[in-house]
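Observations on the model geometry
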Amino acid sequence: MDLRYFAWLRERIGTGHEKVETEATTVAELIEELKRRDEAYAFAFSDLTAIRAAVDQDLVELDAPITGAREVAFFPPMTGG
Amino acid sequence: MIRVQAEPFDMGAELTRFTGSVSGAGAVVSFCGLVRDVASGDLDRMVIEHYPGMTEKALAGIADQARARWSLAGVFVLHRYGEMRPGELIMMVATASRHRADAFAAAEFLMDYLKSRAPFWKQEITADGGQWVAAKDEDEAALRRW
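Calculation notes
- Residues numbered from 1 in each chain as written.
- Chains lettered and ligands numbered in written order.
- Predicted model: local features only at pLDDT ≥ 70, side-chain atom pairs only at ≥ 80, totals over all residues.
- Heavy atoms only, no water.
- UniProt positions renumbered as here; feature names shortened; annotations may be inferred.
- Salt bridge = Lys/Arg side-chain N within 4 Å of Asp/Glu carboxyl O.
- Helix = DSSP H or I, 4+ residues; strand = E, 2+ residues; numbered from the N terminus.
- Buried < 20%, exposed > 50% of the residue type's maximum accessible area, 1.4 Å probe, protein only.

Looking up chain B in an unreviewed UniProt entry gives the name Molybdopterin synthase catalytic subunit, with the organism given as Rhodophyticola porphyridii. Its UniProt record, at the heading Pathway (unreviewed entry), says of chain B: "Cofactor biosynthesis; molybdopterin biosynthesis." Here is the UniProt Function (unreviewed entry) comment for chain B, exactly as written: "Converts molybdopterin precursor Z into molybdopterin. This requires the incorporation of two sulfur atoms into precursor Z to generate a dithiolene group. The sulfur is provided by MoaD."

Per an unreviewed UniProt entry, chain A carries the name Molybdopterin converting factor subunit 1 and comes from Rhodophyticola porphyridii.

Written out as structure tokens, the structure is:
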């Protein structure tokens, strides 16, 4: 599965893209898995109210399923316009 | 029509082209957003990051919602990414309808949704470095009126 990170989440994690093998079935489970990796991930995902997620480029809630997804993205609240 | 680009654009030319492309319209409403200076007045530039692929998909989805809610002869959304200086145009929306009420409402709807549902992130660069712009609670609250 491809993971993408944007804005300060990308900076805190240190990369904008990586490939992972995961057993997680929801976005929230995937976050918990990533947080256990190291301090950079734990810090990046420390405040879940500041985290938005997209599954296959559609914005979703954190309890959304990821089974069969090709790409999951994480980013802070959007500030376009 | 949706366009996402790094290059600057000519608002007048875009609006003329859009107005010429719609048929049966009696009203065109447009809005543009500019790079605003920071409170301390020393903004060097703004850098906008986006999520290629999702950006176009999200903007098209928002435009489709507007077309479903109002009777529109046309919708145009243009948003830039990359580096821009204070005073430069960041983005524009334009809507066309038979009567003005639909075009006004749809343009406001597009802006409210685009601000917190399209994957763009602004970073302000000053002499002190880069600062990510925080989302405002009122931007999220603005969605509830629709």
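There is more to say after this.
Residue and element names in this part refer to chain B. Considering all chains together, one arrives at 16 salt bridges over all chains under this definition. E14 serves as the salt-bridge partner of R3, at 2.5 Å between the closest nitrogen and oxygen. Here R3 is found in strand β1 (residues 2-5), whereas its partner E14 is found in helix α1 (residues 11-21), with eleven residues between them in sequence. Residue R3 is classed as partly exposed on the basis of its relative accessible area, which comes to 23%. Put simply, R145 and E108 hold a salt bridge, and the shortest N to O gap is 3.0 Å. Linking R145 in the segment after α4 (137-142) with E108 in helix α3 (residues 100-117), this pair joins segments that are 37 residues apart in sequence. When its relative accessible area of 48% is taken as the criterion, R145 is described as partly exposed.

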